[in-house]
Structure formats: C-alpha cells, structure tokens
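# Fold and geometry: a report
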Amino acid sequence: MKNRNTILFSGLSMLLLVTLLMNISMGQVAIPMKDVFRSLFGSHASKETWEYIIINFRLPKAITAILVGIGLSISGLLMQTLFRNPLAGPYVLGLSSGSSLGVAFVILGAGFLPAIFSQFLLSSYGIILASCIGSSLVLVMILIVSQRLRDTMSILIVGLMFSSFTSAIVSVFTYFSSAEQLQKYTFWSMGSIGNLSWPNISILGICTLLGLLFSLLSLKSLDALLLGENYAKSMGLNIKKARYIIIFATSILAGSITAFAGPIAFIGLAVPHLGKLLFQTSNHKILFFATLLIGSIIMLFCDTISQMPGFDFTLPINAITSIIGAPIVIWLIIRKKSIQ
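For clarity, every value in this text was computed on a predicted model and none was experimentally measured. (Residues numbered from 1 in each chain as written. Predicted model: local features only at pLDDT ≥ 70, side-chain atom pairs only at ≥ 80, totals over all residues. Heavy atoms only, no water.)

### Side note on the overall build of the protein
In plain terms, the rule: Every helix listed is a DSSP run of H or I at least four residues long, and every strand listed is a run of E at least two residues long, numbered separately from the N terminus. Both definitions apply: the radius of gyration is a C-alpha atom measure, and the globule rule equals 2.2 Å times residues to the power 0.38. For every residue, the accessible area (1.4 Å probe, protein chains only) is compared with the maximum for its type, and the residue is labelled buried under 20%, exposed over 50%, or partly exposed between those bounds. Two residues qualify as a contact provided that any one of their heavy atoms is within 4.5 Å of a heavy atom in the partner residue. All accessibility values rest on the Shrake-Rupley procedure with a 1.4 Å probe; residue burial counts only the protein chains present in the view. Positive charge is attributed to Lys and Arg, negative charge to Asp and Glu, and no charge count is given to His or to the chain ends. Here the site of a charge means atom NZ of a Lys, CZ of an Arg, CG of an Asp or CD of a Glu.
A tally of regular secondary structure across the protein gives 15 helices and zero strands. What you see for the protein is a C-alpha radius of gyration of 21 Å, in line with the 20 Å of a compact globule of 340 residues. Reported as C-alpha extents along the three principal axes, the dimensions of the protein are approximately 65 × 60 × 35 Å. Looking at the protein residue by residue over its 340 residues, the buried ones come to 51%. Considering only contacts within the protein whose residues lie at least 6 apart along the sequence, 75% involve residues at least 24 apart. For the protein, the accessible surface area stands at approximately 16600 Å², while carbon and sulfur atoms represent 70% of it. Looking at the protein, you have 21 positive and 9 negative side-chain charges, and the mean spots of the two groups are 16 Å apart.

Rendered as structure tokens:
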C-alpha cells in the first residue's frame, strides 16, 4: 500500500509540473517550452516579449491557479468530513454569499455613496476589501453560532440560511441597478485568476498557508469525526474546539480565494472525491496531500482550457470548472450507487 501511494504521489507531482509548464506555454501567444524553461530558471527567452508575458502574466496566473486549487480542494475536504456529507463544499457555510453581498454592495450600490468613496470602492482593491469584509462578517456569525450549537448539522442549516438571506439582499440590489453595474457584477461572479498583481498573490499565498496550517492541525480530529461525533468524544476529542478550528481554516481558505478570484465552483466539491477514489483511503494525512496535488492540477488544466490557445479571447474560469466539475460529480454519484 505504501509503495502504491508513493508511486501515485510521484505521478501526481510529475503531472503537476507538466501541467504548470503547459499552462505557461499555451495561450493566445504560443511560447516554446524551451523558452519557458529559460525564463523560469534564470536565463532569458529567445524574445523579450515572450519573457515579459511569462514573468508578468502567465507565471502570476499559474501561481494563482495553484493557490486557488489547493485552497478550495482542502476546504472542500474539511467540509465533507465535518458534515459527513459528500455534497458539502467550501461555500456551504455561506462565505461565498457573504463575499457576493459585499461586492454587490460596492458595485450595485456605489451610486448611493459620495463620489470620493465610490471611486475607491469600484477599484480592484475596493472590490477585494468589500469581498473580505462580507465573508468575514459571515465567518464571525458562523463562529458565534457554532459556539452555541451542539449539532453539526444545525450549523450547516444556519450556513444555508445565511446564503439565502444574503442572496435575497443581492437580488434587491440587482433590481435597482443599471445594465452597466449588472454587467460588472456578472463578470466578477464568473471568477478570474488573471488580474492579480504580485502583492495580491503574496497576500493570497499567506492566507492559503495559514488556512493549510490550521487544516494540518485538524487531521487527527477529521479522522475521528469520520466515525461520528459520539465516537470522537469517546476518544477524548473536544468537539467544539475541533469544529471551531475546521470552520476557521475553511473560512480563511474559501474567503480569501473568493475575495481575490471570485466564486469558483465545483473544485472544492469534486476534487476530494477524486482523491478518495484514486488513493482508496479515508486517512486524512494521505487525503490532505492527494487533494492538494489534484486540486492544483485540475485548476491549472481548467485555466489552460480557458486561455483558448490559438484564439483571441479568454473564457470565464468559473464556466470551465463547472463544465468539467459537474460531470465528474454526477459520475461519482452514479458510480457510488452502482457499487452499493
């Protein structure tokens, strides 16, 4: 079993490297692989324009794709184990809806604010700030609720209610908005990983590392929770503390990614299932790293497709992840039923 896992991890690591190089090489401007190697490993590409494209556009986007893939996949794994629900995803707590409300308030409601404030809020930094505040407010409410509720499923229901509440407010904003405002909000909701500067990527990287650290601290708790809360209590696990850390880790990961890249669907839902299917284990120490690698690979693959090599346009990343992710989830559900 150890040899099998070693081979699988080695294969996934090699596939990640290949996918990363392909992602940087392919696009509207095709760059030869040898020039990609030269730019990444200290030499200069054959053309200055190629090197400029790699360093300033393709590499930041590829790193963002990896961070997004890691963060959403790991938070999906945490949520599916915490709620013992295979259809739970990183946004089940309402964090995405909170971010959407913050962004909707800025984009759709900026007309009601003084010109000085609206100009800043409609900038990329203003939208990121609004998204962070929206998801943070929902996080604080969820953490307060989790301290008062003993039942994990009740937290899930509260998260869904927060989603419904914030979606209703967004609908009100939408009703009173202009076509231009609606278009800008729609573009944000489609997700984008190509507009981040190096400072933004650094902040997203720090948030992702912090979320992963809390996730690593939760691995033993997740293994215990997999067998039910009563069993976990009998093993001496502090359920409230474990739940608090897991929710906090998910919130940091999903909240920061939504703030910087917009809501991205299906990665957090599909990837943990692929990790379990490939490694055939419920051990979260193995699943953590499996999910991390698979999430990075799939996100890079989706981004490569969205770049549409040879064409003059880029497709929304959210559309590509949904097109690829939805059939995977349907196939996994059918496969599980047929096994049973």
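Resuming the write-up.
### Side note on the packing of helix α1 (residues 2-25) against helix α2 (residues 33-40)
Convention followed: For helices, the fitted line uses only the C-alpha atoms of the stretch in contact; every axis is such a line through C-alpha atoms, and the angle between N-to-C directions lies from 0 to 180 degrees. The scheme is simple: roughly parallel for angles under 35 degrees, roughly antiparallel for over 145, roughly perpendicular for 65 to 115, oblique for anything else. Classification used: nonpolar for Ala, Val, Leu, Ile, Met, Phe, Trp, Tyr, Cys and Pro, charged for Asp, Glu, Lys and Arg, polar for all others including Gly.
Their axes nearest at 10 Å, the elements α1 and α2 cross at an angle of 100°. Judged by the angle between their axes, α1 and α2 are roughly perpendicular. The segment α1 lies against α2, with Leu-21, Met-22, Ile-24 and Ser-25 engaging Met-33, Val-36, Phe-37 and Leu-40. Class assignment of the residues belonging to the contact of α1 with α2 gives a composition of seven nonpolar, one polar and no charged.

### Some details on helix α8 (residues 179-189)
Two residues of an α-helix separated by three or four positions point the same way, owing to the 3.6 residues in each turn. Under the convention used in this document: As used here, the arc belongs to the directions running from the helix axis to the C-beta atoms.
Here α8 has its buried residues at Gln-181, Tyr-185 and Trp-188. Along α8, the residues classed as buried sweep out an arc of 55° about the axis, all on the same side. In α8, those exposed residues whose orientation departs by more than 90 degrees from the buried face are Ala-179, Glu-180 and Phe-187. Immediately beyond the C-terminal end of α8, within one or two residues, lies Gly-191, with a positive phi of roughly 80°.

### Structural notes on the side chain of Ser-99
Position of Ser-99 among the secondary structure elements: in helix α4 (residues 95-109). Setting aside anything within four residues of it in sequence, one finds Ser-99 in contact with Ser-131, Gly-134, Ser-135, Trp-188, Gly-255 and Thr-258.

### A word on the pattern of salt bridges
Put simply, the rule reads: Counted as salt bridges are all cases of a side-chain nitrogen of Lys or Arg within 4 Å of a carboxyl oxygen of Asp or Glu.
Scanning the entire structure with this criterion turns up two salt bridges. Between Asp-35 and Arg-38 there is a salt bridge, with its nearest N and O atoms 3.7 Å apart. With Asp-35 and Arg-38 both in helix α2 and three residues apart, the pair spans about one turn of that helix. A relative accessible area of 36% means that Arg-38 is categorised as partly exposed. The partner of Lys-61 in a salt bridge is Asp-303, with the nearest N and O atoms 3.0 Å apart. Of this pair, Lys-61 sits in helix α3 (residues 48-82) while Asp-303 sits in helix α14 (residues 284-306), and the two are 242 residues apart along the sequence. The class for Asp-303 is buried, based on a relative accessible area of 3%.

### A look at the packing of α1 against α14
Note the following rule: Each helix crossing is assigned a hand: it is left-handed if the near helix lies turned anticlockwise from the far helix by less than a right angle, otherwise right-handed if that turn is clockwise.
Interaxial distance between α1 and α14 falls to 9 Å at its minimum, and their mutual angle equals 25°. The angle between α1 and α14 places the two elements in the roughly parallel class. For the pair α1 and α14, the sense of crossing is left-handed. Contacts between α1 and α14 involve Asn-5, Phe-9, Leu-12, Ser-13, Leu-15, Leu-16, Thr-19, Leu-20 and Asn-23 from the first element and Ile-286, Phe-289, Ala-290, Leu-293, Ile-294, Ser-296, Ile-297, Leu-300, Phe-301, Asp-303 and Thr-304 from the second. In terms of residue class, the contact of α1 with α14 is built from 13 nonpolar, six polar and one charged.

### With respect to the nonpolar core
Convention followed: As used in this record, nonpolar core signifies buried Ala, Val, Leu, Ile, Met, Phe, Trp, Tyr and Cys residues forming a set joined through side-chain atoms within 4.5 Å.
Ranked by internal contacts, the top residues of the largest apolar core, which has 80 residues, are Val-68, Ile-74, Met-79, Phe-83, Leu-93, Ile-264 and Met-299. Top contributing element to this core by residue count: α3, with 15 residues. Every residue in contact with Leu-93, bar those within four places of it in the chain, is listed here: Met-79, Phe-83, Val-138, Ile-142, Ile-155, Gly-159, Ile-247 and Ser-251. Core analysis: the next-biggest nonpolar cluster, separate from the first, contains 11 residues, Val-103, Ile-107, Ala-130 and Phe-173 among them.

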